[in-house]
Amino acid sequence: MPELQDQDTVSIEESATENSIPMPDDYGRDMYRVYSSLSLKEVNIRGSLKVLERLYTGQETTDFIQDVVVVGKALWFRPLPVTAQDLTLYYYRKPVPVEFDDADDEDLDLDGIP
């Protein structure tokens, strides 16, 4: 659904020692694009943490992040950056719940559904 497409920017600290950070609070599903402010290129989105780990033998470092994967509500990345950078994430956000006034609950008509 196009109206649920969203984007947010996350910051990765210089010389990060952790390989993951939390996803934005409104992240719902299906991250479909990641853009690096440092490399000015798209970052590869891998299908699983297992695939991401196969690409790297340990705690390699480089100037910019090249590969990411979402696992649960965490964004895992490789290799570890030696320079702080921002990643712009494009994804589908959680839908905003519809709230109704309790007094009108009996008279609700949601698209013809009684």
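Remember, predicted model here, so these are calculated numbers, not experimental data.

Draft legend 1. How the structure looks around the overall build of the protein chain. Within the protein chain one finds 1 helix and 9 strands. Listed N to C, the secondary structure of the protein chain is β-β-β-β-α-β-β-β-β-β in terms of helices and strands. Of all 114 residues assigned to the protein chain, the portion counted as buried reaches 30%. As presented, the protein chain carries roughly 7,600 Å² of accessible surface, and 49% of it is formed by carbon and sulfur atoms.

Draft legend 2. Just unusual backbone geometry, in detail. Note the cis peptide between Arg 78 and Pro 79, where omega equals -20 degrees. Mapping Pro 79 onto the fold places it in the loop between β7 (74–78) and β8 (80–81). Phi at Asp 30 takes a positive value of approximately 50 degrees, unusual for a residue other than glycine. On the basis of relative accessible area, Asp 30 is assigned to the partly exposed category, the value being 42%.

Draft legend 3. Expanded view of the sheet that holds strand β1 (residues 5–12). Read across the sheet, 3 strands follow the order β1-β9-β3 without closing on themselves; strand pairing throughout is antiparallel. Every interior strand has two partners, whereas the edge strands, β1 and β3 (27–36), have only one. For this sheet, the mean angle separating the axes of adjacent strands, direction not counted, is 30 degrees. The pairing of β3 with strand β9 (residues 85–93) spans 6 bridges and is antiparallel. Considered in β9, the bridge of Tyr 27 is made with Arg 93.

Draft legend 4. A look at the sheet that holds β7. Reading across the sheet, the 4 strands line up as β2-β7-β6-β4 and stay open at both edges, with mixed pairing between neighbours. The open sheet terminates on both sides in strands that have one partner only, identified here as β2 (20–22) and β4 (44–45). For β4 and strand β6 (residues 67–71), the ladder comprises 2 bridges, and the chain directions are parallel. Within β6, the residue paired with Asn 44 across the bridge is Asp 67.

Draft legend 5. Region of interest: the environment of Ser 36. In this structure, Ser 36 sits in strand β3. Sequence separation of Ser 36 and Gln 85 is 49 residues, and the distance between their C-alpha atoms is 7.3 Å. Setting aside anything within four residues of it in sequence, one finds Ser 36 in contact with Lys 41, Val 43, Phe 64, Gln 85, Asp 86 and Leu 87. Within the structure, Ser 36 has its side chain in polar contact with the backbone nitrogen of Leu 38 (distance 3.2 Å).

Draft legend 6. Structural context of the confidence of the model for the protein chain. Per-residue confidence for the protein chain averages 85 on the pLDDT scale, and 83% of its residues sit at or above 70. β4 holds the highest mean pLDDT among the elements of the protein chain, 97, whereas strand β5 (residues 61–62) holds the lowest, 82.

Draft legend 7. Examining the packing of aromatic side chains more closely. This model, assessed by the stated rule, comprises 3 aromatic pairs. Ring centres of Tyr 32 and Tyr 90 lie 6.4 Å apart, and the angle between their planes is 50 degrees; this geometry places the pair in the tilted category. With Tyr 32 in strand β3 and Tyr 90 in strand β9, the pair connects residues that are 58 residues apart, well separated along the chain. Residue classification places Tyr 32 among the partly exposed positions, given a relative accessible area of 37%.

The rules behind these values
- Residues numbered from 1 in each chain as written.
- Predicted model: local features only at pLDDT ≥ 70, side-chain atom pairs only at ≥ 80, totals over all residues.
- Heavy atoms only, no water.
- Helix = DSSP H or I, 4+ residues; strand = E, 2+ residues; numbered from the N terminus.
- Buried < 20%, exposed > 50% of the residue type's maximum accessible area, 1.4 Å probe, protein only.
- Areas by Shrake-Rupley, 256 points an atom, 1.4 Å probe, with all protein chains shown as cover.
- Pairing = 2+ DSSP bridges.
- Axes fitted to C-alpha atoms, helices over the stretch in contact; angles between N-to-C directions.
- Contact = heavy atoms within 4.5 Å.
- Polar contact = N/O pair within 3.5 Å; in protein donor to acceptor, adjacent residues only side chain to side chain.
- pLDDT = per-residue confidence, 0-100.
- Phe/Tyr/Trp six-rings, centres within 6.5 Å; stacked < 30°, edge-to-face > 60°.

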